Amino acid sequence: MKHILYTTLLLSLFVSCKKEVKAPETIKKTGLITQNAMVVSARVEASKIGNDILKKGGNAFDAMAATELALAVAYPYAGNLGGGGFMVYRKANGETGAIDYREKAPMAATKNMYLDEDGNVIPEKSTLGAMAVGVPGTVAGVFEVHKKLGSLPIEDILNPVIALAKKGVLVTEKQEKRIAHYQPLFKKANKDSILFDKAWKANDTIKHPNLAETLERILEHGKDGFYKGETAKTLANFVQENGGIITEEDLASYEAQWRTPISFSYDDLKIISMSPPSSGGVCLAQIMKMIEPFHIDEFGHNSEKTIQVITEAERRAYADRSFYLGDPDFVEIPIETLINEAYLGGRMDNFSFEKATSSKDVAHGNIAIIESDETTHYSIVDQFGNAISATTTLNGAYGSKLYCSELGFFLNNEMDDFSSKPGEPNMFGLIGAEANSIVPQKRMLSSMTPTIVEKNGELFMSVGTPGGATIITSVLQTILNVHEFNMTMQEAVNAPRFHHQWLPDEINMEPNSFDKTIIQNLEKLGYSINEKDSPVIGKVDGILVLDDKTLEGGADYRGDDTAVGF
């Protein structure tokens, strides 16, 4: 917004000199606008359940619990009981906080558990089947949020979710394609046939009776209905029978952790995002502070110079990510230094508009202290002024592809988010280091970036996305699209996105979405452009508070995402 006064003066001068010429009207595309409250998530069924909770008088935290669990039913691709996630919140009084319900390594995990006798990574061992599974955190996270911040009885929250599981969920065209695509891996990971082996077609209804029974035990016994008793015994036995190492003790000892979010300023915005073991907040802070001195609003949206500045900041932030970040309960992370303006200014010293920096010339910064495409995100703002931003995942699509039929859900493959071997890339091409090595009961590093934005001290935006390594950069571009380029929330979500993550040294771009001349110019400057491997970069869901205090939802067209509110 740095040039807004200049632009206004220029426009008024133009209009006064050219009164006889009528400029064509620009029609802005907006998402759903509501007066009071809104839920935006990956499936309409989950958004509706969350919205119904708000209509009943519940708050954003009640709706968080309902939406999270409804996604486990309606969106098994990433919604889950067998995974984990993060949530950032801002209460109506301005108080902020965050909760980490990320999965943990089992007690029997070892540093080299995915290496063969020659020290090489064993293919698929950390991504497919029971050895890939971390101890799930979702149910613990939901109950911890409800206990501390919720207002409705847990029955009001769980009963609609149980009813949805029994009634069933309509298969969408996108879901039909996803299920068919991953069925060969379902057969590879599971000994017996599973619910998702069937040739499901669009408009079929998938019912989840066993998941409904699991949810009923959770309703009856609370968190212990998952981490202890019948469900825990069934789950631990199932994992072990399939060659995994999770025990009943692992489940019984799991606790979600309250964390202090990462907060920083950018122009007149305050950004509140997730802290480690998510790399999201730190990386977002680093990138935004590195680009803040540049007038990207003047360069233009997705212009050559804007892409250069953002790419070079991303390159440097991801180099730091790989070296310094991990579970703060196990490693010392120099967060204050990493997001310090003087440090970040120095990181951009060798940037030039004349040519690309090579990633081989960019190591981690010198400090004297030593994810998945298939995640899902939802944003909620309630009628009381509370806001949450939550990202939850199984890691890969349908996680480890291992499905516990008796309990009715897929299990995660989050163990791949550790550094199986420092210096080797994980399934998203992210390079890991010692800070993220495997240790029993340690949480693995994540890219999840649930984020809340304030403007002039008031709630402005709740935003987040799935997308593995691209999560951070998708959230970044969505915020910039609104703030720097004056887009509506829906336009900001719809806009083409690009991504750079240090290694591999290439800019991923959504295909056929960027000016070919700009791509050619970037290539002449030494940038490698990859459109082939980037059909979708994130599926952003966000809510924007408009000037008149109404809410605009941005639901990503790249998925089945839907905004519902009142």
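Residues numbered from 1 in each chain as written. Predicted model: local features only at pLDDT ≥ 70, side-chain atom pairs only at ≥ 80, totals over all residues. Heavy atoms only, no water.

### Notes on the UniProt feature "binding site: L-glutamate" (unreviewed entry) in the protein chain
Move 1: In the numbering used here, UniProt assigns the "binding site: L-glutamate" (unreviewed entry) feature to Arg-102, Thr-393, Leu-394, Asn-395, Asp-417, Ser-446, Ser-447 and Gly-468.
Move 2: By secondary structure assignment, the location of Thr-393 is in strand E11 (residues 387–393).
Move 3: What makes Ser-447 buried here is its relative accessible area of 0%. (UniProt positions renumbered as here; feature names shortened; annotations may be inferred. Helix = DSSP H or I, 4+ residues; strand = E, 2+ residues; numbered from the N terminus. Buried < 20%, exposed > 50% of the residue type's maximum accessible area, 1.4 Å probe, protein only.)

### Things to note about the UniProt feature "active site" (unreviewed entry) in the protein chain
Move 1: Per the UniProt annotation, the sites labelled "active site" (unreviewed entry) are Thr-375.
Move 2: Along the polypeptide, Thr-375 turns up in strand E10 (residues 375–381).
Move 3: Non-local contacts of Thr-375, meaning those with residues more than four positions away in its chain, are made with Ala-78, Thr-391, Thr-392, Thr-393, Asn-395, Met-448, Pro-466, Gly-467 and Ile-471.
Move 4: Within the structure, the side chain of Thr-375 is placed 3.1 Å from the side chain of Thr-393, a separation counted as a polar contact. (Contact = heavy atoms within 4.5 Å. Polar contact = N/O pair within 3.5 Å; in protein donor to acceptor, adjacent residues only side chain to side chain.)

### Here we look at helix H7 (residues 209–221)
Move 1: Across its 13 residues, H7 extends 19 Å between first and last C-alpha, which sits within 8% of the 18 Å expected from 1.5 Å per residue.
Move 2: Within the span of H7, buried status applies to Leu-211, Ala-212, Thr-214, Leu-215, Arg-217 and Ile-218.
Move 3: One or two steps after H7, the chain reaches Gly-222, where phi turns positive at roughly 70°. (Expected span 1.5 Å × (residues − 1).)

### Quick word on the nonpolar core
Move 1: Leu-81, Met-87, Tyr-101, Leu-215, Ile-380 and Ile-388 are the most contacted members of the largest nonpolar core, which totals 82 residues.
Move 2: For this core, the element with the most residues is helix H3 (residues 60–74), which contributes 12 residues.
Move 3: Look past the residues within four positions of Ile-380 in its chain and what remains in contact with it is Met-38, Val-39, Leu-54, Ala-60, Ala-63, Met-64, Thr-67, Asn-386, Ala-387, Ile-388, Ser-462 and Ile-543.
Move 4: Within the second largest apolar cluster, 70 residues are counted, among which are Cys-283, Leu-325, Met-509 and Phe-514. (Core = buried A, V, L, I, M, F, W, Y, C linked by side-chain atoms within 4.5 Å.)

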